[in-house]
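Chains, contacts and geometry: an overview
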Amino acid sequence: MQLKTTMTSHPPAVILDCDTGIDDSLALVYLAALHHAGEITLKAVTTTAGNVDAHQCALNSRHILNLLNLPEIPVAVGQPHPLIVELTTTPETHGDTGLGYYHAPTAGLELYPDWRELWRHNLTNTTHLIVTGPATNLATWLRGGTWPAHLTLMGGAYLYPGNTTPTAEWNSWVDPHAAKEVFAAAEASAPITVCSLGVTEQMLITPEILDTLIAELGTSRAVEFLPDALRFYFEFHQAQGEGYQAQIHDLLTCMIALGTIEVEHTDVSIDVEAESELLRGTTIADFKNHWGRPTSARLITNANIEQAHLELLRAIQVLAKHNTVR
Ligand code: BDR
Ligand code: CA
């Protein structure tokens, strides 16, 4: 296995585009810790409609960043609907407002008015754009904007069962046209790093791991929402037959994007079924190059999960050290 990137003297700039969401909230906690540690600069958070509506995702993200003592990082609402299909949200997976049994306040949260402006301003030729929700904002942006220097996407299931239909993963299913458009626009010179279910489902938080994290968090205000959010996610996974634990897709995706854990990958071209009802959101990787297209995706096939847990613990300890009580 190889680390994807080596750290340069400047902390990498990061934009997170998410649909917060319980596992997205852990991605935020992780990025907040790295930002506090000076290992990245979290420039902005933008939201897509997916787990809950885009406005609620933004309120959740804003509230979490405020709790983690980062009120200066702007959060903006992205596109309110998928490109073509109607929006479907998933309260059964993430709770009515996206954070399980925890609810962000409904008043007093200030959002940045224009997500495109945040991308325009912060997407430089070194920025990492990490997309952990449906690809709606990304596809919309790519219709006129520049291709991000480093682009990582959580989405799809490759030779692996879907979590939404037998063949489709949630993010790809919610906005299949956006996912299709993004992969159609991808070029070999700037491949998209793709984190799919076969890898992300391995990043499991159990009640025991959560207890350890909570104890390590000390006085960090992350303790205010993590237990209630994760209890809901544990129950959801148990109801799905996955056991009383939770798959933390989006957190693992951020670690992979930033090269903080070891991964294996294969270079492929990817396409997405957008029109058929039966196969909506099904993602296909051309492992044997039957299509003869240039490879434009770096499909992660394996990630060092043990390292990911250590990395999460390290991040949690950073948060505790930076004393996020306001
Ligand atoms: C993806 O779907 C969402 O529910 C999660 O937040 C994650 O991004 C996993 O399929
Ligand atoms: Ca997500």
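Residues numbered from 1 in each chain as written. Chains lettered and ligands numbered in written order. Predicted model: local features only at pLDDT ≥ 70, side-chain atom pairs only at ≥ 80, totals over all residues. Heavy atoms only, no water.

**Some details on the UniProt feature "domain: Inosine/uridine-preferring nucleoside hydrolase" (unreviewed entry) in the protein chain**
- Residues annotated by UniProt as "domain: Inosine/uridine-preferring nucleoside hydrolase" (unreviewed entry) correspond here to residues 14–307.
- In residues 14–307, helix accounts for 36% and strand for 17%; the two terminal C-alpha atoms are 21 Å from one another. (UniProt positions renumbered as here; feature names shortened; annotations may be inferred. Helix = DSSP H or I, 4+ residues; strand = E, 2+ residues; numbered from the N terminus.)

**Things to note about the site of ligand 1**
- Of all residues adjacent to ligand 1, which total 13 residues, the nearest are Asp 23, Asn 51, Asn 163, Glu 169 and Asp 250.
- In the model, an oxygen atom of ligand 1 is placed 3.1 Å from a nitrogen or oxygen of the Asn 171 side chain.
- Burial of ligand 1 by the protein amounts to 97% of the accessible area it has alone, namely 280 Å².
- Contributing elements (two or more residues each) for the shell around ligand 1: helix 1 (22–36), helix 6 (170–174) and helix 11 (249–258).
- Split into classes, the residues belonging to the shell around ligand 1 amount to three nonpolar, six polar and four charged. (Near = heavy atom within 4 Å. Polar contact = N/O pair within 3.5 Å; in protein donor to acceptor, adjacent residues only side chain to side chain. Areas by Shrake-Rupley, 256 points an atom, 1.4 Å probe, with all protein chains shown as cover. Nonpolar A, V, L, I, M, F, W, Y, C, P; charged D, E, K, R; others polar.)

**Things to note about the coordination of the calcium ion (ligand 2)**
- Within the protein, Asp 19 (OD), Asp 24 (OD), Asp 24 (OD), Thr 132 (O) and Asp 250 (OD) serve as the donor atoms for the calcium ion (ligand 2), at 2.3 to 2.7 Å.
- Residue classification places Asp 24 among the buried positions, given a relative accessible area of 0%. (Donors = N, O, S within 2.8 Å, 3.2 Å for Na, K, Ca; no water. Buried < 20%, exposed > 50% of the residue type's maximum accessible area, 1.4 Å probe, protein only.)

**A few points about the sheet that holds strand 5 (residues 150–154)**
- In space, the eight strands of this open sheet follow the order 3-2-1-4-5-6-12-9, with mixed pairing throughout. Strands with a single pairing partner mark the edges of an open sheet, and in this sheet they are strand 3 (75–77) and strand 9 (263–268). Each adjacent strand pair in this sheet contributes to an overall mean axis angle of 20°, direction not counted.
- Direction of pairing for strand 1 (residues 13–18) relative to strand 2 (residues 41–47): parallel, over a ladder of six bridges. Note that in strand 2 the partner of Val 14 across the bridge is Leu 42.
- Sheet contacts for helix 2 (residues 54–67): strand 1, strand 2 and strand 3; angle to strand 3, the most-contacted strand, approximately 170°. (Pairing = 2+ DSSP bridges. Axes fitted to C-alpha atoms, helices over the stretch in contact; angles between N-to-C directions. Contact = heavy atoms within 4.5 Å.)

**A word on the packing of aromatic side chains**
- Applying the stated criterion across every chain yields a total of six aromatic pairs.
- With 6.0 Å between their ring centres and 55° between their planes, Tyr 102 and Phe 225 make a pair best called tilted. Taken as a pair, Tyr 102 in the loop between helix 3 (91–94) and helix 4 (115–122) and Phe 225 in the loop between helix 9 (207–217) and helix 10 (226–239) lie far apart in primary sequence, 123 residues in all. The two residues Tyr 102 and Phe 225 agree in class, both being buried.
- For the pair Trp 170 and Trp 173, a centre-to-centre distance of 5.9 Å together with 25° between the ring planes defines the contact as stacked. One end of the pair is Trp 170 and the other is Trp 173, both in helix 6 and three residues apart, which spans about a single turn. (Phe/Tyr/Trp six-rings, centres within 6.5 Å; stacked < 30°, edge-to-face > 60°.)

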